[in-house]
Structures are given as structure tokens and as C-alpha cells.
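Coordinate analysis (summary)
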Amino acid sequence: MTLYIDNKPYDVKAGKNLLETCLTLGFDLPYFCWHPSLGSVGACRQCAVKMYRDEDDKKGRLIMSCMEPVANNQRISIQDAEAREFREHVIEWLMTNHPHDCAVCDEGGSCHLQDMTVMTGHAYRRFNFKKRTHKNQYLGPFINHEMNRCIQCYRCVRFYKDYAGGKDLDVFASRSNVYFGRHEDGVLESEFSGNLTEVCPTGVFTDKTLKQHYTRKWDLTTAPSVCQHCSLGCNIIAGERYGELRSITSRYNGAVNGYFICDRGRFGYEFVNAPGRIRKAVCDTEVVRKEEVTERMKHLIGSSKVIGIGSPRASVQSNFALKMLVGKNNFYHGVSDNEHDLANLVIKILHEGPAPTLSMKEVELADAVFILGEDLTNTAPMMALAVRQSVRRQPMEQLAHINIPAWHDGAVRELVQEQKGPLFIASVHTTKLDDVATETFHSSPDEIARLGFAVAHLLDDDSPEEASLSPEESKLAQKIASILSMAKRPVIISGASCETDHVLEAAANIAWALHRKNQQAGIVLTLPECNSLGLAMMGGHRLEAAFNAVLNGHADTAIIMENDLYRHGKKSIVDEFLKVCKNIIVLDHSPNPTTEKANILIPSGTFAESDGTLVNNEGRIQRFFQVYEATENIQESWRWLLGLGTALGVDEMSHWKSFEDITQAIAKEEPFLKNIDKVSPPAGFRINGQRVPRETHRFSGRTAMLANINVSEPKPPVDSDSPLSYTMEGFRGLPPSSMIPFFWAPGWNSVQSINKYQQEVGGPLRDGDPGIRCFEPVQTSKIQYFKSDPAIFESQEDHLLIVPLHHIFGSEELSARSPAVGERCPAPYVMVNTADSADLKIHENEELSFEVGGQPYQLPVKVSSEMPRGMAGLPYGLPGLPFVELPAWGILNKEMKWMKQQ
Amino acid sequence: MFSIIRSMWITFMHMFHKRETVQYPEQKNKLTTRWRGRIVLTRDPDMGERCVGCYLCAAACPVDCISLQATEDEHGRRYPEFFRINFSRCIFCGYCEEACPTYAIQLIPDFEMGEYDRQNLVYEKKDLLIDGQGKYPGYNYYKVAGLAIGGKDKGEAQNEDPPVDVRSLLP
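Residue positions are given per chain, counted from 1 along the sequence in the order it is written. The lettering of chains begins at A and the numbering of ligands begins at 1, in the order of writing. Side-chain atom pairs in this predicted model are given and counted only at pLDDT of 80 or more, local residue features only at pLDDT of at least 70, and totals for whole chains, interfaces and linings cover all residues.

1. So, the overall build of chain B
The numbering of helices and of strands both runs from the N terminus, where a helix is a DSSP run of H or I of at least 4 residues and a strand a run of E of at least 2. Along chain B, the regular secondary structure elements total five helices and six strands. Counting helices and strands in the order they occur from the N terminus, chain B gives α-β-α-β-β-α-β-β-α-α-β. In terms of overall dimensions, chain B has a C-alpha envelope of 100 × 40 × 30 Å along the principal axes. Contact between residues is assigned whenever the C-beta positions, reconstructed from backbone atoms, fall within 7 Å. For chain B, the proportion of contacts with a sequence separation of at least 24, taken over those separated by at least 6, is 71%.

2. Looking at the nonpolar core
One recurring pattern in soluble globular proteins is that nonpolar side chains are buried together. Residues and elements named next belong to chain A. By definition, a nonpolar core groups buried Ala, Val, Leu, Ile, Met, Phe, Trp, Tyr and Cys residues that are joined through C-beta atoms within 7 Å. We call a residue exposed when 12 or fewer other C-beta atoms sit within 10 Å of its C-beta, buried when the count reaches 20 or more, and partly exposed for counts in between; the C-beta positions come from the backbone. Grouped together as the largest cluster of nonpolar side chains are 253 residues, with contacts concentrated most on Met382, Met383, Val455, Ala507, Ile510 and Ala511. In terms of residues, this core owes the most to one element, helix H18 (residues 501–517), which gives ten residues. Dropping the residues within four chain positions of it, Ala507 is found in contact with Leu372, Gly452, Ile492, Ser494 and Ile523.

3. Remarks on the domain arrangement of chain A
Often, the extent of an interface is quoted as the loss of accessible area upon association of its parts. Residues and elements named next belong to chain A. Marked domain ranges trace back to an automatic or database domain assignment. Taken domain by domain, chain A comprises domain 1 (2–94), domain 2 (281–335 + 534–673), domain 3 (349–528) and domain 4 (799–901). Relative to domain 3, the C-alpha centre of domain 1 lies at a distance of 39 Å. Contacts between the two partners involve seven residues from domain 1, matched on the other side by five residues from domain 3. A breakdown of the residues in the side of domain 1 that touches domain 3 according to their chemical character gives three nonpolar, four polar and no charged. Note that Gly is not counted as nonpolar here; it falls among the polar residues with everything else outside the nonpolar set of Ala, Val, Leu, Ile, Met, Phe, Trp, Tyr, Cys and Pro and the charged set of Asp, Glu, Lys and Arg.

4. Regarding the interface of chain B and chain A
Listed by partner, the interface residues are 38 residues for chain B and 32 residues for chain A. For the side of chain B that touches chain A, the elements supplying multiple residues, two or more each, are helix H2 (56–60), strand S2 (66–72), strand S3 (78–86) and strand S6 (160–163) of chain B. The residue inventory of the side of chain B that touches chain A, partitioned by class, reads 21 nonpolar, nine polar and eight charged. Note on pairing: two strands pair once DSSP finds at least 2 bridges between them. For strand S6 (residues 131–133) of chain A and S6 of chain B, the ladder comprises two bridges, and the chain directions are parallel. Opposite Thr133 of chain A, over in S6 of chain B, you have Pro163 of chain B as the bridge partner.

5. Some details on the packing of helix H9 (residues 316–326) of chain A against helix H23 (residues 637–648) of chain A
All names here are of chain A. To obtain an axis, a line is fitted to C-alpha atoms, over the contacting stretch when the element is a helix, and the angle between two such axes runs from 0 to 180 degrees between their N-to-C directions. As a packed pair, H9 and H23 sit with axes 8 Å apart at the nearest point and diverge in direction by 20 degrees. When the axes of H9 and H23 are compared, the pair comes out roughly parallel. Judged by the twist between their axes, the crossing of H9 over H23 is left-handed. Of the residues in H23, those touching H9 at Gln317, Ser318, Ala321, Leu322, Met324 and Leu325 are Ser637, Trp638, Leu641, Leu642, Leu644 and Gly645. Grouping the amino acids of the contact of H9 with H23 by side-chain chemistry returns eight nonpolar, four polar and no charged. We call two directions roughly parallel when the angle between them is under 35 degrees, roughly antiparallel when it is over 145, roughly perpendicular when it lies between 65 and 115, and oblique otherwise. Crossings are classed by handedness, with left-handed meaning an anticlockwise turn of the near helix from the far one by less than a right angle and right-handed meaning a clockwise turn.

6. A closer look at the pairing of strand S13 (residues 244–250) of chain A
Successive side chains on a regular strand alternate, one facing one side of the sheet and the next facing the other. Residues and elements named next belong to chain A. Counting buried positions along S13 yields six of seven residues, so the element is predominantly enclosed. As paired elements, strand S12 (residues 235–241) and S13 share six bridges and run antiparallel to each other. Paired with Arg241 across the two strands is Glu244, which belongs to S13.

7. Considerations on the sheet that holds strand S16 (residues 306–309) of chain A
Residues and elements named next belong to chain A. With respect to topology, seven strands assemble into an open sheet ordered S15-S14-S25-S24-S23-S16-S17, the strand pairing being mixed. Each edge of the open sheet is held by one strand with a lone partner, namely strand S15 (286–288) and strand S17 (331–332). Bridge count between strand S24 (residues 583–588) and strand S25 (residues 600–603): four bridges; the pairing is parallel. Paired with Leu587 across the bridge in S25 is Ile602. Most of the contacts of H9 go to S16, to which it runs at about 165 degrees, and overall it touches S16, S17 and strand S23 (557–561).

8. Let's talk about the environment of Val41 of chain A
Inspection of the secondary structure puts Val41 of chain A in the loop between helix H1 (18–24) and strand S3 (48–52). Taking C-alpha positions, Val41 of chain A is 5.3 Å from Gly410 of chain A, a pair spaced 369 residues apart along the chain.

9. Notes on the sheet that holds strand S5 (residues 74–77) of chain A
Within a beta sheet, neighbouring strands are joined by backbone hydrogen bonds and run either parallel or antiparallel to one another. All names here are of chain A. The strand order across the open sheet built from five strands is S2-S1-S5-S3-S4, with neighbouring strands paired in mixed fashion. Among the strands making up the open sheet, the edge pair consists of strand S2 (8–11) and strand S4 (61–64). Between one strand axis and the next, the sheet turns through 40 degrees on average, direction left out of account. Bridge count for strand S1 (residues 2–5) against S2 is four bridges, and the pairing is antiparallel.

This is how it looks when you write it as C-alpha cells:
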């Protein structure tokens, strides 16, 4: 197709609108209400261009480019004087009520409205009348509200309600008084509210945690990073100033998180700045210097039998360095045995099975989804957002017949109305996705697995049969099976959160049975932590074996890396283990019960102070870069271990000098991770002989920020592990997609500049979306279905089956340490069914006492009619709740209740 | 020969010209108010700090010698937590003053800042902040900004309507 812009022909793609086409071609065309993920509604009238009938048409007419599909031999003009004047006037009108706030506005310097105002050339306010004002609302610990600044583009409600399914943000009043907010002050309920800060083109919604230590975008030292708070591995940009991590923003990755990230990822960063961080190496209560630590450890380790306990929240490099240091046979996974087995099962399913594992982008395009046992909004929030988009897919198929393009958001929503594509959710308790689900099924994990096996058998006779279903269940299974088999791109989603292998096996059976009929069918499995899969890929023993090794005297020294054992093992056993262990060497960045027991405590770097690689739930290997050089004694875990390995003369480690060497050794040693060294360019990579700067060209205060300590500026640190530099100097063009430290283009200071980094607007980044997937589906005609027989759930007297309930805020260890996220963490509780609570004669908020696996609990009760009978939900991983392996039977302690009544 | 005598004569005659040399420091030159010397931070007419910590001066500074951190009081008024200028780097270009949206940072006609120790040329907020409005009297940024601060709620700034009642149905 040929499009003439200002009389120059361009080759363009059909099916797009003029605005995205112009932006893809590199033109600067202002816009507000349009967003690549939200589509066009033509509300702001800002993207006007002139369109001409043909070559001879000299007059033309003004059109909104976001509402006009491209057509062959179309002629438009962006530079036409009338169009430019129109755009300038639109801004001028928008600005009549915009306050004189830029100096005190957190958006300033990364503001789309500022950029667009400069782009159109509007400079002076000619409107002499008074400005409209609004009262602000309290919107919770994450988002700051400043309603005066609003330009009524409606992006916030379109994202919050239409895209993310939120219910408590809306638009009120009329004409120039329209108000975007809640019906009353209160915490924004959506788990994706943080994206309002990026979606809002101006400063109405801004990051409240950034406000606590405000820094302009241009002053941040930023590096591409990967979110550490769940297994999805969303890409983020982490920004530092004055030695403190200051903000997290989303880093576009077309295949992974797209434009958005969840609130846990955006606001969970402050544990990095916590005053109680471990910053100094301590040997038996004595603070020692960096050089001395290795010497002491060498002394300790040289004469003892050492085991190493890795971590699912440490990078592949750190885990690998530990494995090499202690030897393959002495390397243990620091996760509970159940999680260890589940992670291995996930690898087995993804590696040996025929169904491909899908990215979030592919889930968005699915037209039928079946979720088994996962509360996605709380375990893998961004996946829930992707599923929410997928339910629109099937109703949108009718668009093709009536000639409405998919980007025409207003028309599409008018047509689709409340129609939803198929989404089936089998979960223990209600999930936030239930409102868009076709059908939900709440029961015990084993029952969910049995439903899954039944569906798989209906899809493929080779899959084992599941006979003992109730009539309603078999009807549901039949419905699910028939809809899944009719879908073009069905997706099965499951994960480790209900900690039952049968559920994963059932999900695999369904996906494989579907895949036999339909090559498009895929599977998505989520995992507990950011590097669970990477750790499992490395091989290693169970945690229980580590405990036994020490308790039986096979080892006396343990190196525990970035791992709080009390989160993965029962308190009594961990206590015993740490007591018997002669030397406990702990590397960690934040204090926890395990670090308190350490003989030698070594400060390791958080993700912001480290280079490393993670493997996300789809098996995508992704690199994160150090944002700033750590102060005091903090170093990456792998660097500490490398120093130790060199000092001890470990053969494999003695020739490693840098991050690069470890990565290459991993590529050689670990079959799953053979491409890990290709994920990002090597440390020696230069563009025109230059590094890629972490700082913008406007970065300020270079010669003053440390002048209070010494007026002579220190030499900036040199990064030996990556091609990024810690300075403003370096290559200013587009860096390789895996190492984009910030999005900026001339005239585009806000995040909207992403369109300059994409091949086409909303598409992949210029040299491909970063990350390399390490699973390729196996082409096989003979599928080895799982044959297992989950037990039928029967409630027992004086017992409740305790199942884990996940919380987006609280279940994850590190984010829960951040003050803002901590404010949203629920207090520990136990959830029981309404009828069960009546039987137990216990009311809401009264304390229930019970025992699980020898671990006593006494917790306030939450009553829910959706909790299946005979079961109880216990929040997973909340601070203050001791670990227990779930699901397990809890024995009710009636005596305790009786004593309480006294 | 003649030219040598002529040159000597001209030089000799200079003894009777008006002196151009100023006997500094006993005798001081009058400098205009727009003279770009020492940098100060000024206060608004209500004696509140004018600086709102917007970072524009720091961004404009060609030698990057200004460094600050913005913070807020309990009523939402912004001010710099610290404000540091490294005068050993400053080139007195005046870009910071030009960039300042609140007339807070100003260059004044004082240049007597010599120090024996370079470290003493690092000025902190206590060295920079003066108790006056400097060259631009009368301007009060928060009176024209839309942000609510202590003592000025929404709709109370100059040229502002009272806050919209969202629940009103009146046109």
C-alpha cells in the first residue's frame, strides 16, 4: 500500500489507522486519547491531519488521523498550515484550565502534555478568564491525585475500567467539570492502578512512592531490569539517584509485559532502600572488611564439609557460582520439597510435552482459556491482565464481517457490549477474574485436577479416564471440552500456587490432548518466584536432603544464599538444622530470621545493585543490569562466591574473572541455558566505540552531588560486566533492545517515546523483543499422558483441609518489605466456609485455633460462602505466618476455643 | 629617531590623564543589578522559601554544579531538602536564573568569594538562602500555582474558580 504524506510516497501496512502509521514512519504527530493498547476513540481531536481526495485536490479536509484507516493511494498532509493551526488551537483549549504547576508536578520532564504543547507550538495563554479547579482524593499509598491538571482525555478510565477491569475509578459530572476519580476517597482497588501514572498524559495520577524522594526522569540513573516479584519476569526500568532506588517503570517488551506492569512490581521496590538492609559483613558479631571476609571464610570452609543452599529469588549466575563452589553434589535448592517437585514437573511438562509454552502476548490473543487452580491476579498479576484481554477475542471475531477495524475501540465496545469469550476458572476460592469467566468451579485442588483429567479424556481418548465425577461436574467437563476443542487458539493456564502436582498434570494432559487436534493450543504454567525455573533447571537436591545431610553429620557448614529458610521449611526443623550446623554462612541483602542465625553474614546486592539473569515461567531467559554501584561492602552474591572460589582454588572458578565468564560457563555446563550468553550483548560490546549511557544527556548535578564530601569529583565507576556506562557520555542512538536504559526521543520525553523504539507501533522492539526462550515444543506423535489418581475430597470431622491463598501484596517476600506495599498487606487470617463457621460456632474475626503438620496456629476467622466446605484458606507467605507445607489437613483445637471463652 | 621621542612623549603625557585604575578593595566599583555574581536563593513576600525544588536550574546548568533534593512539608508545599552549589565549578552563566520558574535562584552583583581552600566553595542551602526577595519583588509562585498548600486551598489562588462540586447537576 502506498500512502502519500505531504506528497511523498510511503509504503505502509493495511489495517492500521493513520496515526499509528504516521508514528511508525517516524513522524511527530501529537495525540492524547489514543494509546496503542487502548485503541482509538477520537475524543481529544489532537491528531488532526489534512486529507485530500486526489492529487488535484488542493483544499482537502481535516480528519482525525486516529479514526481513519489507511487506504491505498491516500493523500494526507501533516504539515499543512490549517492542520497545524487546528492542532495548536486544540492544545490551547486544553490548556485554558491547566494549572501553572509544572515546577511542582511530578510528571514534569516526562509529561506527554508538555511534549505535545511544545510540538504544536502553543506558548502563551490568551484565555483571560478564571481557571477551573477540583478537589483531590486520597487514592491509597500508591497513587497521588491532582485533578486540576486533567485534560479530559479519558485514558485513565479506559485503561482502568475497560482494559484492566477495575470498578472503582470512573468519570463524574459533565462538560468542563468532568471529574476522574472514585465515588469517595479510598484506596484504588485494581492491582494495575500504577499504570495510571504512565497512561495519564499529564500529572493527574502520579507515583506516590516516587514523591517521597522525588527525582525528575532526566536525573535518574536507569538501567534495564527484570521484575523480581513473580515468575512472569516483566521488564522494568529501575532508576537510582543519590545511591537510592527511586522508581520502577515498565519497560516495553512486546512479548512479555507490553506497556504495563502490576502494582507489586511497580511499588514493591523500596525494600532496596530499607534502613535495616545488611550493608556490612559480620563475622560472629564483629564487623569485618571486605578483604578479610574471604580470608575468614576460606579458613572456615577449608577445614569442613560444606553444603550450599541456593535460592529461587537469586539470579542464575549466583546459583551457578554457589553450585560450582560447593560442588554439584552438595548443591541444594532452597525451596520446600513440594515446590522443588512442582518446578521439576513444570520443566518436564514444558520440555518433554508437545504443547508450546506461551508468552503473555500470545495469551492475549487466545480465544478460549481454561485456568486450573490459579488465582492469577494474586500469583501472576500481569497474566490475569492478559487473560482479561483474551475474553474479548472471540466476540471481536465478528468485526471482520462488518468491516470495523480492531483499533476502533469505541465502535468495538459498542458492538461487543457485554459479550465475552470462553474463560473457565477452576480454583479453590473466588478470583478477581470470576467477573469475566463463563463458568467457575470452586473446590479442593484434587477435585480441580479430577475435573481437568476428565476434560483431557473427553478431548483425547488416550488420556486417562476420570470416572468418579458428579453429574454436574461431568456436564461442566463436557462443556469445557467442547468449547476448548472448537477454539482456534485455546490456552490452558495452571501453576504451582495450589501446590498440587495433580493439577499441573491435569493441565498438561488437557493442553497435550488439545494440541493433538490443534497446533495453536498452548500451555502457561506459573511458578512461585522470579527464578524458580532457572534454579530448577540447574539440578540440585531437595532442601530436606540438606537438612538431613547436616543432621546426620555428613556436613557441618552451610552456605545459604539469598534465602530465608523459614519461608521454605518448617520452623522446628530449620531451627534444629541451624543449631546443629557448625558454621552458617549467609549471603543476603535484607535481614530475616535466617540471617539472624548466621555466623558469617555477607551483604549481597539486590537486583538493583546486581547484574544477573532470570528465567521466567515461559522459560524466557532475561538479563537484568546493575542500576548503580553498591556502597559499603555490598556486592553481588556471585561476586562474593567468585572471590571465595578463587581463594579456595576451585578449578572451574579460578579462571573466571567477571560476569561474562560465569555466563559463558553456564552456557557450556547447563543444557537448558545454552543460549544464556546470547541474551544480551557481551561486556565488550560498543556502538561506534561507545558504551550505552545509563544517564540521560540532561542528567544534572554531576559536579555537586558529592561535593559536600569532597570537592574533587571521584572518577565515575567503570562497569566491567556490561556495555552500559554509569555516565552521561556514550552512544545516543537506539541501543540493542535488551539494554534500553530509558525511553527518550527528541521531542518525546515521556514514556510515549516508546513508539520510536518499535518496529511498528505496538509491535516488537526494533531488533526483536529481548529474552531467549529455552523450551521448544517436542514434535511427537506418541504423547505420554500423566496417569495419576487424585483422591476424592471428603470433609472430615474436626479437620479442615488447609489450602494456600495468595495475595498480590504480602505473599511475596521482598515486596512486602516495602512500606507502600506493606500498607496493603492483609493481616494474617484463616478463611472458612459460612456453613463450617456455623458448625464451629465461630464468627467473623473470632480466633480459630488449629494445627497443621505439628505447627500450631491461632488466627482470626474470615467467613466466605465461596470457600468450599470442609476446607480453609491460609494466606501464603504473609509476614508473621510460619511456614507449613500445604495443602494439608488442619486439626481443629477445640480446647483452645473453650479456654478462650473462659 | 623621531618616532621614539614621540612614543616617550605620549607615554609621559599619560601621567596627567584621569586614572583608570580602581583602588580595589579600598575603592569598590558600582555594579549593575543584572551583574551575574554570587548565586542566592530568595524568599517570597510572605518570607516562605521560593525554591520549590523543580530541578530546572540543575538541568540548565552547563557544568552540572547544582544538586538538590525536593521534599514536601505536611501541607504539600515543596521545598529543597538540600541545595548545593559547587562554586568551584560554577561559570556564572546565569542559566539557572533564567530557568527558574519561581524567581528563587538569582545571581547578584557580588563576586568576592575567593577562598584558599577549594572545599569552602561548596555552598549549602544555609549559605545560599537569603531573607529577601532579591531582584524580583512581589512574586509568589504558590499564589498562581494550582497546588494546594498550607494556608491556600484549592481554588484560592489568583485567577481561580472555587472547586467544582462534582455532585451538582446545574449546567
